[in-house]
Amino acid sequence: MSGSEMGFRPFDPESSFFSYPTSLHIEELSASIVRSHRETTQYRPEELQALRWKVFSREEIHAYQSKSVDEMWQHCAVRLTDAVQYVVEFAKRIPGFRQLCQNDQIALLKSGSMEVVLVRMSRMFNTENNTVFFDGKFAGTELFKSLACSDLIAAVFDFAHNLCALRLTEQQMAVFTALVLINADRPCLEDRERVQKVRRDVELALSHIMHRDNQESLLHKLYQRVPVLKSLCALHIEKLRWFRQLYPLTVHSLFPPLYKELFG
Ligand code: CLR
């Protein structure tokens, strides 16, 4: 990207001096976030494409549906925590994240890691039959019946379906998920200004990528998804509270510590 594309006037010695390092910095930041994303996803897009034929059989679906509520919750909490762990690793590799104080790193992960998991879910989603790659095969909403939170599951699948329809590239998804994580409006941040500084660069990186890909209209659609993500995560927390009231011991002794630390 040239300086003039960044909004600097050409032939102004002052701005051309400053614009080059800036656009180079944003270019490098984008590349670094894309690399971090690639290194921290469980499956590459080609692998997922090749796995599309693997769908759960009636019998297998029935076996999931026959699990007790607490058994299925525990199972899903473990799977979800695995996915969160990759997101934590992704966060650590976003330039600027590790330089934040530990309190703020944790605050950002507490409020943002589930949101990133849900964005990443769209990579694992098949819109042709509304299934998600879960536990080694593609599963529809009915497989999650015994969780007894069909409203959450329906809303999560709906979100994945709509995001999947935007057909983001891996690079766009990488920088969008970084943006979801680095949010200066999250609760309990000590140094908001510092988070805001990192955020501004990630915003520039996303605009840069969308501009380069000639998909600036996508930017607006992506920002529109953000409040939906927030409401899904609030619903997840609400369901967890409900579950904990019914099965306090399951949560206490059988849920992964990281799950409890982030959501409990
Ligand atoms: C997200 C993308 C990851 C792989 C992955 C693993 C576990 C999946 C998750 C994805 C999507 C959301 C998911 C989760 C397991 C349970 C959870 C389907 C595909 C649903 C929404 C249930 C949440 C509530 C439980 C905690 C009871 O790369």
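The structure under discussion appears in the preceding block.
In this report, we go over the structure that sits alongside the text. Throughout, a residue's number is its position along its own chain's written sequence, starting from 1. The predicted origin of the model limits local features to residues at a pLDDT of at least 70 and limits the giving and counting of side-chain atom pairs to 80 or more, whereas totals for whole chains, interfaces and linings rest on all residues. As a convention, hydrogens and water are excluded, and side-chain values are obtained from all of the structure's heavy atoms.

**Observations regarding the overall build of the protein**
Right, on to step 1. When its secondary structure is counted, the protein shows eleven helices and three strands.
Right, on to step 2. Mapped from its N terminus to its C terminus, the protein presents α and β elements in the order α-α-α-α-α-β-β-β-α-α-α-α-α-α.
Right, on to step 3. It is over C-alpha atoms that the radius of gyration is taken, and the globule rule equals 2.2 Å times the number of residues to the power 0.38. What you see for the protein is a C-alpha radius of gyration of 20 Å, in line with the 18 Å of a compact globule of 264 residues.
Right, on to step 4. Between two residues, a contact is recorded if the distance between any of their heavy atoms is within 4.5 Å. Here the analysis covers contacts within the protein between residues at least 6 apart in sequence; of these, 77% occur between residues at least 24 apart.
Right, on to step 5. With 32 positive and 32 negative side-chain charges, the protein shows a spacing of 3 Å between the two charge centroids. By definition, any uninterrupted DSSP run of H or I lasting at least four residues is a helix, any uninterrupted run of E lasting at least two residues is a strand, and each is numbered from the N terminus. We score Asp and Glu as negative and Lys and Arg as positive, and we do not count His or the chain ends. A charged residue contributes its charge at one atom only: NZ of Lys, CZ of Arg, CG of Asp or CD of Glu.

**Quick notes on the pattern of salt bridges**
One side chain can pair with another of opposite charge once the charged atoms of both are near each other.
Right, on to step 1. Counted as salt bridges are all cases of a side-chain nitrogen of Lys or Arg within 4 Å of a carboxyl oxygen of Asp or Glu. A full pass over the atoms with the stated rule returns 14 salt bridges.
Right, on to step 2. As a salt-bridge pair, Glu-60 and Lys-137 come within 2.9 Å of each other at their nearest N and O atoms. Of the two residues, Glu-60 sits in helix H3 (residues 58-65) while Lys-137 sits in strand E3 (residues 137-139), which places them 77 residues apart along the sequence.
Right, on to step 3. Residue classification places Glu-60 among the partly exposed positions, given a relative accessible area of 27%. In this scheme, a residue with accessible area under 20% of its type's maximum is buried, one over 50% is exposed, and one in between is partly exposed, where area comes from a 1.4 Å probe on protein chains only.

**Quick word on the packing of aromatic side chains**
Right, on to step 1. Pairing of aromatic side chains requires ring centres within 6.5 Å, counting the rings of Phe and Tyr and the six-membered ring of Trp. Pairs whose planes differ by under 30 degrees are stacked, by over 60 edge-to-face, and all others tilted. Enumeration according to the criterion identifies 13 aromatic pairs in this entry.
Right, on to step 2. Aromatic pair Tyr-43 and Phe-133: ring centres 5.2 Å apart, planes at 80°, arrangement edge-to-face. Of this pair, Tyr-43 sits in the loop between helix H1 (13-39) and helix H2 (45-50) while Phe-133 sits in strand E2 (residues 131-134), and the two are 90 residues apart along the sequence.
Right, on to step 3. By relative accessible area, Phe-133 is classed as buried at 9%.
Right, on to step 4. Seen from their ring centres, Tyr-259 and Phe-263 are 5.0 Å apart, and the 65° between their planes marks the pair as edge-to-face. Linking Tyr-259 with Phe-263, this pair stays in helix H11 (residues 257-263), spanning four residues, or about one helical turn.
Right, on to step 5. Note on Tyr-259: relative accessible area 2%, which makes it buried.

**Concerning the packing of helix H4 (residues 69-92) against helix H5 (residues 102-121)**
Axes are the key here: two packed helices are described by the angle between their axes and the distance separating the axes.
Right, on to step 1. Think of each axis as a best-fit line through the C-alpha atoms, taken over the contacting stretch in the case of a helix, with angles from 0 to 180 degrees between the N-to-C directions. In contact at an axis separation of 9 Å, H4 and H5 are set at 110° when each is read in the N-to-C sense. On the basis of the axis angle, H4 is roughly perpendicular to H5. Contacts between H4 and H5 involve Leu-80, Ala-83, Val-84, Tyr-86, Val-87, Val-88, Phe-90 and Ala-91 from the former and Leu-109, Ser-113, Met-114, Val-116, Val-117 and Arg-120 from the latter. Any angle that is under 35 degrees is reported as roughly parallel, and any over 145 degrees as roughly antiparallel; angles of 65 to 115 degrees are reported as roughly perpendicular and all others as oblique.

**Observations concerning the site of the ligand**
Right, on to step 1. If even one non-hydrogen atom of a residue comes within 4 Å of a molecule or strand, that residue is called near it. In the vicinity of the ligand lie 18 residues, with Gln-42, Trp-73, Met-121, Leu-147 and Tyr-259 positioned nearest.
Right, on to step 2. Reported accessibility uses the Shrake-Rupley method at a 1.4 Å probe radius. Residues are deemed covered only where the shown protein chains occlude them. Within the complex, 96% of the 610 Å² of free accessible area of the ligand lies under protein.
Right, on to step 3. Among the detected pockets, the ligand sits in the largest pocket.
Right, on to step 4. Elements represented by at least two residues in the shell around the ligand include exactly H4, H5, E2 and helix H6 (150-165).
Right, on to step 5. Counting residues per element, the shell around the ligand draws most heavily on H4, at five residues.
Right, on to step 6. As a working rule, the residues Ala, Val, Leu, Ile, Met, Phe, Trp, Tyr, Cys and Pro are called nonpolar, Asp, Glu, Lys and Arg charged, and the rest polar, with Gly in that last group. Along the lines of polarity and charge, the residues of the shell around the ligand split into 15 nonpolar, two polar and one charged. Only protein atoms enter the 1 Å grid used here, on which a cavity is any set of points holding a 1.4 Å probe that cannot leave and a pocket is any open set flanked by protein within 12 Å on both sides along at least five of seven lines; residues with an atom within 4 Å of a point are listed as lining. For a cavity or pocket, the test is whether more than half of a molecule's atoms lie within 2 Å of its grid points; if they do, the molecule sits there.

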